[in-house]
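The primary structure of each chain is shown beneath.
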Amino acid sequence: MRPTARPGSAALEEGWRCLGNRSKRRPPADAVKRGAAAVSTFEEMKEPDDQDTDGEKSVTSKSDGKKSLRSSKSESRSPVQEDNTFLEDDTDETFNEGEGSYLEEDSDEERLEGSLSSFQYDDLQSTTVPQQTPAPAVEEAEEEVKKKISESFFYDYMELASMPFVTLDSNIPLDLLTLVHSFGYDCRKRANLQLLDDSIAIYIAGNQLIFLNLKTKEQIYLRSSSGEGIGVIGVHPHKTYFTVAEKGSFPDIIIYEYPSLRPYRILRDGTEKGYAYVDFNYSGNLLASVGSNPDYTLTIWNWKEEQPILRTKAFSQEVFKVTFNPDNEEQLTTSGSGHIKFWEMAFTFTGLKLQGSLGRFGKTITTDIEGYMELPDGKVLSGSEWGNMLLWEGGLIKVELCRGTSKSCHNGPINQIMLYEGEVITVGSDGYVRDANGAIWKLDLSFSNITQDPECLFSFHSGAIEAVAVSPLTYLMATTALDCSVRIYDFASKTPLAQMKFKQGGTALVWVPRMVNFTGAQIIVGFEDGVVRILELYDPKGLTIFAGRKKILDADIQLKQVFKPHTACVTALAYERDGEILATGSKDQTVFFFEVERDYKPIGYINTPGPVCQLMWSPMSHPESTLLIMCENGYILEAPLPTIKQEEDDHDVVSYEIKDMCIKCFHFSSVKSKILRLIEIEKRERQRELKEKIREERRNKLAAEMGEDGEKEFQEEEEEEEEEEEEEEPLPEIFIPSTPSPILCGFYSEPGKFWVSLFGIETEPIPEDIEDPKAYSIENARRKREHDKLMKEVGEIKAQKREQIKALRSEFCKLLEMNEKLPKHMQFKRTDFDVDSQIRAEMHRKTAFKIQQVEKELAWEKEKHELGLMKLKNRFRDPLESDTIVVHAILSDHKISSYRLVQPSKYSKFKRASQSERKPSKLDRFEKEGPGRKDSQRDAGGSVTIQEESIVEKGKKFRPKTLSEIIVENQIEKTRKLILKAERAQLKIQQRKKEWEELYKSKPGDDYEDPKDLQAIKEAQVYMGDFNLKTAPDYKIPEHMRINAAKKEEELGHLDSLVHGNKRHMNKCILSLRDLKVAVVEEIQCLVEELKNIQSTLHISKHIPIPKIPQIHPEEVPEKRFQYDEETLLNFKQQQMKSNDEKSPGVEQTGSGGPVGGFLKLSSGKDGDLTTRDSISRSSKASTFSLDIPKCLEFEKAEPTDVELEIMKRDEIKHVYMQQYLVNRIKELVVTFDAELRLLRHQKLKLDTQMKLSDLHHVTLFQEILLLKNFEKQENVLQERVNSLDKEEQYMQWKINETLKEMEEKKNEITKLQEQEKALYAGFQAAIGENNKFANFLMKVLKKKIKRVKKKEVEGDADEDEESEESSEEESSLESDEDESESEDEVFDDSICPTNCDVALFELALQLREKRLDIEEALVEEKKIVDNLKKEYDTLSKKVKIVATNLNAAEEALEAYQREKQQRLNELLVVIPLKLHQIEYVVFGEIPSDLSGTLVFSNHALRRLQERIRELQEENSKQQKLNKEWRERRKQLIREKREMTKTIHKMEETVRQLMISKFGRVVNLEALQTLSVNTTLEELKIRKLRKELANAKEMKMWEEKIAQMRWELMMKTKEHTRKLYQMNDLCIEKKKLDSRLNTLQNQQGNAFQGPREADVVAREEVTELIQLQAERISALKEEIALLRRKGGLILPPIQSPREKEIQPADL
């Protein structure tokens, strides 16, 4: 059974649909999707005797025999029921109705084939209603407590998958058809390719989800659960789950677990018809889905609990995509038709909400957005319909991204954008990165020099498959589609064999029957343009293999014949049953006939009433051969076999139309309305018959009862009933649909009969509902019609006015042309045509204003583009160090190009600066410059003060010392020398002791071996004689060879630096060569000018061909590409104007004004030669070689004389020589330049080889860096553990050493205390003396144990002390004697000194007892400390062992990890180019095919190993000699040691005798040498001397002060004495005046008796003066007395009140 697919179907995977299948959940089971480009093959259910063939098993193909009775449960969910009627041409019998299919997303109705079962008339009235959940049930579900779904819960796949439906009485098994393989992939469905792991890809094809193994090409299938198709698929971020979003009425989202493929969760009621996109968040706990038409619902799911979290309407138009932001899972983005929307899950006062912000396009044209990507910084990068990218931030477009020169990124919409390792990759529908032709490609995104070419893994049709045919001979199948391809498949081996591309898409295909082509290798295909092609399948292996053929397929297709019978697409092809005639049908409403035997000679065509959809010839069982022609509009024609006219020339045929053919035509009207009308008529007939029967019974009854009266009464009642009867309702009219139902298919059944299947829903026209709330009312609609009518009239008037203005403009242009044809003096000026000059001025003013406005409007755009240009320059041009320069040779085709060099990579910056390269820090500079630098920066005043202070210090420094200072210094120096001498002696002794200790410590034991020798022996045993390979399993990586990512990056940076330096050096050489060429060209220009001047004086016969001047190519000076000046722009403008005038694209432009004229700013001379200022200067210099050429005089000269002839002859010879010299010079310059270029080219070829090798090394290093970075984290963890354990071990060892050291110190202290105790007893024994009768008593007093309470002692310490004392093992011998004596029963009182006992000895015994107790307490404490230290030492030793064990384990783990890392590094491929002579691994003179066991080894290392063998042999002989010598040396040293021991004994005896003779006893020489002065005493003496000197100096100072004060006192005394003399004189004068006054008073009369006021005042003044002087005298005396005393203070002089009053006045 090989079912064929009808046009429009995209898959054959629903082969059982002809049986009227029905889904479990949705009635139209396994609907064939139009958009799916898939072809599937099926196996027919085999009988037991049939041989089973190997084939793949689908997941859904395993049927357990369950009947599809449960499918009836979902019948109520069918939203639409379609009528599908089968009619037979010779009967009116009505057949059964079947169920239709659903509307797809594109609102196209799917064609449905008929059913073979029948239903009753009552079933015709039944319709189905979409299942809806009642409102109370929803409320109860919301109120119900939600239970958590178990993690281990799974659904049963067999209950979910859609199954075929057959009627119960058909006896057709469910597994009649089994899906074997699918050839198809819908590349136009969004997100229809997902990766589950490295080798498994999933995609949708029809009703199947296909799991494709990219390596083995095996397929596994999952069926749709709804039966109406799959909307979209998605994959969990952890690749452990994948989701399948269905289509249908309220479809489900099923989440499957991978790799078990078990249904894990089902999400329900997320949309109405289908899902457009689904996406998991980054953590995978949420799922976002968006529905398609009509609701576009956006839902956020907690998919593990099957609960929606948030739900809202995404947009009012189609939504293409929804995704979570990977960096912020609370943000989402949706895009679709004319919009992009940014969502955020935010907490509001009402709870968690989805808040959406619509992207505003602004000045950018609104576009559909299909592809976008969220950037890490929160921005969104989206595509557009015109191919550019838009950067969104805050809901606004920040920038539009395009390629250089304003080219769009893609020539079409951008479908997908992704971020891969910091680079943005875009996928467009223009074929870049994405294939829109139904293929799956594998791309290498490394973009390096070893990037592999894209590999096409699978290729399918890119659209709906229009036709399919199966070979009548083999397991081959042919398909064609509108993607312009014809493909051949081998469905037995499940492989595509061949394909062929054409200009137009295929629409019909038939395999040529074997009676026409016996090999069965031909197919005939019809195409969209009406062309019919016959293709032949052949085996290319049988052909001769031609040169360049890389791959030979198993089959190939070749064109056999082609003709074009139609003007529209071919829709049907059919061969007559005998294979003599081919009929082709088309949408151009014609059927063409061809004679097959005569190479498809056209017979003729007939016209049809509609587009042809199918052609069917009658089978062999029919007596006559007829053609059944089915048209799309419901017409069916039956045409007889056309008559074949013999030997008629085609040239004589006017038209191929066949007009005399007898054709039968059939047209079908509606059946449903006719059936309803017949049902109504039949119903009325039954009612009428029932009434007649009741009337007859009543009449018989009345006649029997009343006789003739009853008959009359019955007639009267009948008349009354006739009057009361109303008119019957009219019968229902027959409904004829405006568009006839299209014909699906038809076929002959019996002779004279055929079956036809129609498709369509025959429903009465339903008035269009008014759903728009803004719809016009009746009145507004009328007004709008009037307004539209008025606007239409106004538009017509405007159009008329425009036509009039156009006519006037053309007439005005004609007048202007006529005016230009007139003579100049008769022409009118242009201003004469102006009716009003102000109009033109106003127009110019408005134009200028508009230009200004436009400039203002475009100012932002201008600034934007300038900034964009600057950014592009900074991004692409500034990092470019040098562009590519190509220097061409002059004579040959050789050329050399420089490297396009960019700035060094980031890795070259990793190299740390050395100590010399590192910039000094501020501290280093300060230390280097010193404080003087800082002081030098002060102001002038500061510098002056510093100089003055330095002068003062120098004065003090060079001042002569006093005697006292000299004495003190001498004493100090003497003491210092003595102390220094003693210290040196002591230091020397200590150093000698230390040396002796070190010498004794370094003395090796008898079995001592040098660690260096042991390490060398160990290394020799491990490494010597064995060159360990890194690939060895036991290879141990040395410490210095361990690498990490940082070291490798530094190595990569070093490589980049070297490469960059070499390339830069070569670029400099090439640039110098370019400059040399420019100089050579300029010099050649000058030489050519000189050559032309010389040839102008020579005869033409003696001219030598002038060499061609080399040209400077534009690619040799790329830096001048963007240079231009005003002259260049003007030339370009003139050239453009000239080209516009000529309007001839073939004209070549010359000169510097061309499009590339701005390349090289070189002016063109008359001959087109290039000249520059330098060339002019060179020509002026070169003109010294030229000769003065006499100008031709206008008048005739006389005949030259012999002398002139001789001179002319000489000049001619000279010019010929100079001509040849200049030509040779030009050749020399050219040859020299070419030689330089070839030499540099050879060097560059070598450098290119090195650069290629460095690139390969760079790739290897980069791969190693990536690998090391993967290992770095774990390695750091292991290394940190090793370091921490190592530190811990070192710390423990340090603590052990400190503990041991402390124990040694404590033991020494215990020994000292024991020695002090022994000395105490010995001293007391000596103090007692011999024969002292109280010796025992005093010794008992001394040894008596007394309990003492220590200060700040806690209770219990005393007991511990006693226990420790009792448990002490190390007691002195004296203590043991005392214990024995204590055992006696002697009781004595130690508080009283016995009589006749020396009290001093008794007191001494008590004092020494206290000292003994102190020593014993100290001993106990020290022993306790030693015990604690021993315990601590034991604990630390155990910890050290544990830490050492852990450290060894950590080091082993690190070593294992290093070995694993090295093994992974060894797996990296390293390219090493080798020559044949370098390969020494040959087998029988040939290189083996398997080189896995070979080793690449350098000759230097090999030679080094060979030399090492000889070195080891020589070293072995040397070591043997040395061993023999050292043995002899050891014997000699033993002998010398014995002699030295004897010498030491003799010298010690000599020293002892000398000490006795000199000192009288053996003394300690060390103590004698270290004997020195008492330092404290000497210091006190020096301090005393210094104090005496200081006191003497102070006394001298005070004596000087006293002398000065005495001198001042003497001067004051003299002054006071002088003042006393003055006072004495004044007193004498006063007495004289008094006497005179008395005399005068006595002489006067009584009138003047009594004292006068003036005398009284004068007397008072004198009295005050005297008192004041007396006070001054007493004050001076007191001051003198104070000065005579030590520490006296000088008080200010006492002023009189009079002086106080006088002083302000004086001032």
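Structure's up top.
Residues numbered from 1 in each chain as written. Predicted model: local features only at pLDDT ≥ 70, side-chain atom pairs only at ≥ 80, totals over all residues. Heavy atoms only, no water.

Asker: How would you explain the packing of aromatic side chains if you had to name every residue and give the values?
Answerer: Tallied over the full model, the rule gives 30 aromatic pairs. Ring centres of Phe666 and Phe754 lie 5.3 Å apart, and the angle between their planes is 70°; on these two criteria the pair is classed as edge-to-face. One end of the pair, Phe666, is in strand β43 (residues 664-667); the other, Phe754, is in strand β45 (residues 754-758), with 88 residues separating them in the sequence. Accessibility expressed as a relative area gives 2% for Phe754, which makes it buried. Three or more aromatic residues joined by ring pairs make a cluster, and in this case those are Phe563, Phe592, Phe594, Tyr600, Tyr605 and Tyr656. Arg875 extends its terminal NZ or CZ atom over the ring of Phe876, reaching a point 5.1 Å from the ring centre. (Phe/Tyr/Trp six-rings, centres within 6.5 Å; stacked < 30°, edge-to-face > 60°. Helix = DSSP H or I, 4+ residues; strand = E, 2+ residues; numbered from the N terminus. Buried < 20%, exposed > 50% of the residue type's maximum accessible area, 1.4 Å probe, protein only. Lys NZ or Arg CZ within 6 Å of the ring centre and 35° of its normal.)

Asker: Residues and numbers for the environment of Phe1271, please.
Answerer: Secondary-structure assignment places Phe1271 in helix α16 (residues 1202-1328). In this structure Phe1271 comes out as buried when scored by relative accessible area, which is 5%. C-alpha separation for the pair Phe1271 and Tyr1457, spaced 186 residues apart in sequence, amounts to 8.7 Å. Those residues in contact with Phe1271 that lie beyond four places of it in its chain are Tyr1457, Glu1460, Lys1461 and Arg1464. (Contact = heavy atoms within 4.5 Å.)

Asker: So what's going on with the state of the cysteines? Which residues, and what values?
Answerer: This structure, assessed with the given rule, holds 0 disulfides. Distance from the sulfur of Cys745, which forms no disulfide, to the nearest cysteine sulfur (Cys613) is 9.2 Å. Judged by relative accessible area, which is 29%, Cys745 ranks as partly exposed. (Disulfide = S-S within 2.5 Å.)

Asker: Outline the sheet that holds strand β12 (residues 275-280), listing residues and values.
Answerer: Strand order in the open sheet formed by 4 strands is β12-β13-β14-β15, with antiparallel pairing between adjacent strands. The two strands at the open ends of the sheet, each matched to only one other strand, are β12 and β15 (307-313). Averaged over neighbouring strand pairs, the angle between their axes works out to 15° when direction is ignored. Relative to strand β13 (residues 287-291), β12 is paired through 5 bridges, and the arrangement is antiparallel. Considered in β13, the bridge of Phe280 is made with Leu287. (Pairing = 2+ DSSP bridges. Axes fitted to C-alpha atoms, helices over the stretch in contact; angles between N-to-C directions.)

Asker: Let's hear about the pairing of strand β37 (residues 581-586): which residues, and what values?
Answerer: Burial analysis of β37 places 6 of its 6 residues in the buried class, the great majority of the element. Of the two faces of β37, the one carrying Ile581, Ala583 and Gly585 and the one carrying Leu582, Thr584 and Ser586 are both buried. Where strand β36 (residues 570-575) hands over to β37, the hairpin turn is made up of 5 residues, of which Gly579 adopts a positive phi near 75°. Where β37 and strand β38 (residues 590-595) come together, 5 bridges link them in antiparallel fashion. Counterpart to Ala583 in the pairing with β38 is Phe593.

Asker: Describe the sheet that holds strand β35 (residues 556-563), and please don't skip the residues or the numbers.
Answerer: Within the open sheet, the 4 strands sit side by side as β32-β33-β34-β35. Their pairing is antiparallel. The open sheet has two free edges, formed respectively by β32 (506-511) and β35, since each of these has just one partner strand. Recorded for the sheet is a direction-independent mean angle of 25° between the axes of neighbouring strands. One ladder, built from 5 bridges, connects β32 with strand β33 (residues 522-527); its direction is antiparallel. In the strand pairing of β33, Gly506 is matched with Phe527.

Asker: A description of the packing of α16 against helix α17 (residues 1335-1343) should follow, citing residues and the corresponding values.
Answerer: The interhelical angle for the contact between α16 and α17, taken along N-to-C directions, is 155°, at an axis separation of 11 Å. With respect to α17, the element α16 is oriented roughly antiparallel. The handedness of the crossing between α16 and α17 comes out as right-handed. Contacts between α16 and α17 involve Leu1320, Tyr1321, Phe1324, Gln1325 and Ile1328 from the former and Ala1335, Leu1338, Met1339, Leu1342 and Lys1343 from the latter. (Parallel < 35°, antiparallel > 145°, perpendicular 65-115°, else oblique. Left-handed = near helix turned anticlockwise from the far one by under 90°.)

Asker: Any details on the side chain of Lys1461? Residues and values, ideally.
Answerer: Tracing the backbone shows Lys1461 in helix α20 (residues 1399-1467). Its relative accessible area of 2% is what places Lys1461 among the buried residues. Side chain to side chain, Lys1461 and Glu1275 meet in a polar contact 2.9 Å long. Look past the residues within four positions of Lys1461 in its chain and what remains in contact with it is Ile1043, Leu1268, Phe1271 and Glu1275. (Polar contact = N/O pair within 3.5 Å; in protein donor to acceptor, adjacent residues only side chain to side chain.)

Asker: Could you give an account of a negative patch on the surface, with specific residues and numbers?
Answerer: Together, Asp1006, Asp1007, Glu1009, Asp1010 and Asp1013 give the surface a local cluster of negative charge. Note on placement: Asp1007 falls in the loop between α11 (963-1001) and α12 (1011-1022). (Patch = residues over 30% accessible without salt bridge, like charges linked within 9 Å, V, L, I, M, F, W, Y side chains within 5 Å. Areas by Shrake-Rupley, 256 points an atom, 1.4 Å probe, with all protein chains shown as cover. Salt bridge = Lys/Arg side-chain N within 4 Å of Asp/Glu carboxyl O. Lys, Arg positive; Asp, Glu negative; His and termini not counted. Charge placed at Lys NZ, Arg CZ, Asp CG, Glu CD.)

Asker: Any details on a nonpolar patch on the surface? Residues and values, ideally.
Answerer: A contiguous nonpolar surface patch, about 740 Å² in accessible area, is contributed by Leu1476, Tyr1481, Val1482, Val1483, Phe1484, Ile1487 and Leu1491. With a relative accessible area of 37%, Val1483 lands in the partly exposed category.

Asker: Kindly report on the packing of α16 against α20, identifying the contributing residues and their values.
Answerer: Where α16 contacts α20, the two axes come as close as 6 Å, and the packing angle between them is 165°. As the angle between them shows, α16 and α20 are arranged roughly antiparallel. Between α16 and α20 lies a crossing whose hand is left-handed. When the residues that make up the contact of α16 with α20 are grouped by side-chain class, the tally is 38 nonpolar, 10 polar and 23 charged. (Nonpolar A, V, L, I, M, F, W, Y, C, P; charged D, E, K, R; others polar.)

Asker: Describe a positive patch on the surface, naming the residues involved and giving the relevant values.
Answerer: Judged by side-chain charge, Arg1527, Lys1531, Arg1535, Arg1538, Lys1542 and Lys1546 come together as a positively charged surface patch. For Arg1535, a relative accessible area of 49% translates into the label partly exposed.

Asker: Describe the pairing of strand β5 (residues 200-205), listing the residues and the values that go with them.
Answerer: Consecutive side chains along a regular strand alternate between the two faces of the sheet. In terms of residue burial, β5 counts as a mostly covered element, since 6 of its 6 residues are buried. Of the two faces of β5, the one carrying Ile200, Ile202 and Ile204 and the one carrying Ala201, Tyr203 and Ala205 are both buried. As paired strands, strand β4 (residues 194-195) and β5 are joined by 2 bridges and run antiparallel to one another. Following the sheet pairing, Gln194 is matched in β5 by Ile202. Where β4 hands over to β5, the hairpin turn is made up of 4 residues, counted between the paired strands.

Asker: Could you give me a rundown of the pattern of salt bridges, with the residues and numbers involved?
Answerer: Considering all chains together, one arrives at 38 salt bridges under this definition. A salt bridge links Glu1116 to Lys1077; the nearest nitrogen and oxygen atoms lie 2.6 Å apart. Linking Glu1116 in the loop between α13 (1045-1097) and α14 (1126-1142) with Lys1077 in helix α13, this pair joins segments that are 39 residues apart in sequence. Residue class for Glu1116 comes out buried when judged on its relative accessible area of 0%. Looking at Lys1077, the relative accessible area reads 2%, which means it is buried. As a salt-bridge pair, Glu1206 and Arg1210 come within 3.8 Å of each other at their nearest N and O atoms. You can see Glu1206 and its partner Arg1210 sitting in helix α16, 4 residues apart, about one turn around the helix. When its relative accessible area of 58% is taken as the criterion, Arg1210 is described as exposed. Overlapping salt bridges bring together Asp377, Lys379 and Glu393 as one network.

Asker: Please set out unusual backbone geometry residue by residue, giving values where relevant.
Answerer: Residues Tyr258 and Pro259 are joined by a peptide bond in cis, for which omega reads 15°. The omega torsion across Asn293 and Pro294 is 15°, close enough to zero to call that bond cis. Summarising the element assignment, Pro294 is placed in the loop between β13 and β14 (297-302). Even without glycine at this site, Asp269 takes up a positive phi of about 60°. Look at Asp269 and you get partly exposed, because its relative accessible area is 42%. Even without being glycine, Lys494 reaches a positive phi, approximately 60°. For Lys494, the location among the structural elements is in the loop between β30 (485-490) and β31 (495-501).

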